[in-house]
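Here is how the chains run, residue by residue.
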Amino acid sequence: MLSTWRCWLDNFAGGAVSLSRSPKVTALSKWTLLETCLTANKLVFLGTFYPVDLPCLDYHQLNPDSDKGPASLHSDTKSFRLPGGAKVNVTHENTGRLMLFGEEDPPHSLLALHMPADETQVVAVYLHGKWWPISDVLKTSSKSRDGLIFVESVMERVILFLLSQIIFGVLERPLGENMYFSTHSAWECGKILWQDGEAVAFYTIKKKGSLCDGCTGQSYLLPVLDTVFVRTHWRRNGLALQMLQDFCTSMSKERVLGISYPISTSMYGVCKKYLETHQEQRERLYEVEAPGDWSQRRNVWLSIQLQHRQAHSESFMALFNESGCACPEESPHSAQAVERKLINTKGKVSLTYFMSPY
């Protein structure tokens, strides 16, 4: 355990917060202080640290003293004060375990504190021997943790879980949203986007060759962008576009790429903006259902063009109805004319017709 902390301090020495930056802490006194803290089973911070900044090499280290329930946590944690000032009592009734992964993964969990009247409103999780508000778990003190970073460590897995299941799933869920993210697996490939010391977005990928599920034995035939999420406060800043571009450029050797079906309306907007400026990607990006056979793929740019034409047609029809003119669809001759344009001699939809830009 001591060697883990020493390694952590050495790795953190050049970061935003470092013991070595204090002129009063020499190399010798640094280790003496560390050993004293470990012996006393306490942590003394010379700066602001967050869970992701602390060493955690195993999921069992997340909450080693919480197996016996709230009564055994700490004598002084009868209540927990939220960042806004409200106080929540820590009792058996408003604590519970959140499973980090799916049924086919190891049964690792977090001890969570929720509001007494609503168990879906998780306000804190128990990590490193204390309760942390959700907002603090999503922060970092390390300046090196910036931009898109692969999810690798135990705490980064925890943050991915909180972003997908707690932040998107409950706390920042848009009104009328009926889509939920499935719990990511313990080996899910993904990146978290860090900005100004906070985890603000993420995306995950189904790798080519990875299993679709544990039942069918089928594997993905192409890399698939599976989930994308940007926190409310950081939206409309081009972050989703940044993640889509990162996905496409990081898979430069793949001829085709997928985006999981169904693509949301907002994600279609992101794809449209990206493909308008990256025309070379139009033949490469597909909306796919697992495992991604050609019969399960639909070209994203083609779908965008079809949606645009449909919207244009509906607007055109509305104008005709308002003016009292006859509806063009009532004429069999006009319908046949449109049909001749859309169908080529082989009876297939003409891709060139739909792909022509406006």
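Reading guide: rules and limits
- Residues numbered from 1 in each chain as written.
- Predicted model: local features only at pLDDT ≥ 70, side-chain atom pairs only at ≥ 80, totals over all residues.
- Heavy atoms only, no water.
- Axes fitted to C-alpha atoms, helices over the stretch in contact; angles between N-to-C directions.
- Helix = DSSP H or I, 4+ residues; strand = E, 2+ residues; numbered from the N terminus.
- Left-handed = near helix turned anticlockwise from the far one by under 90°.
- Contact = heavy atoms within 4.5 Å.
- Nonpolar A, V, L, I, M, F, W, Y, C, P; charged D, E, K, R; others polar.
- Pairing = 2+ DSSP bridges.
- Core = buried A, V, L, I, M, F, W, Y, C linked by side-chain atoms within 4.5 Å.
- Buried < 20%, exposed > 50% of the residue type's maximum accessible area, 1.4 Å probe, protein only.
- Disulfide = S-S within 2.5 Å.
- Salt bridge = Lys/Arg side-chain N within 4 Å of Asp/Glu carboxyl O.
- Phe/Tyr/Trp six-rings, centres within 6.5 Å; stacked < 30°, edge-to-face > 60°.

Helix 6 (residues 265–277) packs onto helix 5 (residues 239–250) with a crossing angle of 65° between their chain directions and a minimal axis gap of 10 Å. Regarding helix 5 and helix 6, the two cross each other, and that crossing is right-handed. Listed contacts from helix 6 to A240, L241, L244, Q245 and C248 of helix 5 are M267, V270, C271, K273 and Y274. Taken together, the residues that form the contact of helix 5 with helix 6 break down as eight nonpolar, one polar and one charged.

Here we come to the sheet that holds strand 13 (residues 297–299). Either a parallel or an antiparallel arrangement is found when strands of a sheet pair, and the pairing is made through backbone hydrogen bonds. The strand order across the open sheet built from seven strands is 7-8-9-10-11-12-13, with neighbouring strands paired in mixed fashion. In this open sheet, the two edge strands, each paired with only one partner strand, are strand 7 (147–150) and strand 13. Looking at each pair of strands side by side, their axes are set apart by 35° on average, direction ignored. Of the strand pairs in this sheet, strand 10 (residues 224–230) and strand 11 (residues 257–260) are connected by two bridges, and their pairing is parallel. Among the inter-strand pairings, L225 is bridged to a residue of strand 11, identified as I259.

This part covers the nonpolar core. Formed by 38 residues in total, the largest nonpolar core has its most connected members in L62, I159 and L162. Sorting the residues of this core by element identifies strand 4 (109–115), strand 5 (118–127), helix 3 (134–137), helix 4 (154–171), strand 8 (189–195) and strand 9 (198–206) as the ones contributing at least two each. Of all the elements, helix 4 adds the most residues to this core, at eleven residues. Each residue touching L162, except ones within four places of it in the same chain, is listed here: V125, I134, V137, L138 and I167. Among the nonpolar cores identified, the runner-up in size contains 28 residues, and Y203, C248, I263 and L275 belong to it.

So, on to the state of the cysteines. This structure, assessed with the given rule, holds zero disulfides. Looking at the unpaired C271, the closest cysteine sulfur is the one in C248, lying at 8.2 Å.

Our next topic: the pattern of salt bridges. Within this structure, the stated rule accounts for eight salt bridges. Between R231 and E172 there is a salt bridge; the shortest N-O distance is 3.8 Å. Of this pair, R231 sits in the loop between strand 10 and helix 5 while E172 sits in the loop between helix 4 and strand 8, and the two are 59 residues apart along the sequence. Taking the shortest distance from any N to any O, the salt bridge between E276 and K272 comes out at 2.5 Å. Remark: K272 and E276 occur in helix 6; sequence separation between them is four residues, near one turn of the helix.

Right, let's get into the sheet that holds strand 6 (residues 130–133). Strand order in this open sheet of four strands is 3-4-5-6, and the pairing throughout is antiparallel. The open sheet has two edge strands with one neighbour each: strand 3 (95–99) and strand 6. Put simply, the sheet's adjacent strands are angled 50° from each other on average, direction ignored. Against the sheet, helix 4 engages strand 3, strand 4 and strand 5, with an angle of about 160° to strand 5.

So, about the packing of aromatic side chains. Centre distance and the angle of the planes are the two values used to describe a pair of aromatic rings. This structure, assessed with the given rule, holds seven aromatic pairs. On the numbers, 5.2 Å between centres and 65° between planes, the contact of Y126 with W131 is edge-to-face. Residue W131 is classed as buried on the basis of its relative accessible area of 5%. Considering the side-chain rings of F168 and F181, the 4.4 Å spacing of their centres and the 25° angle between planes classify their relative orientation as stacked.

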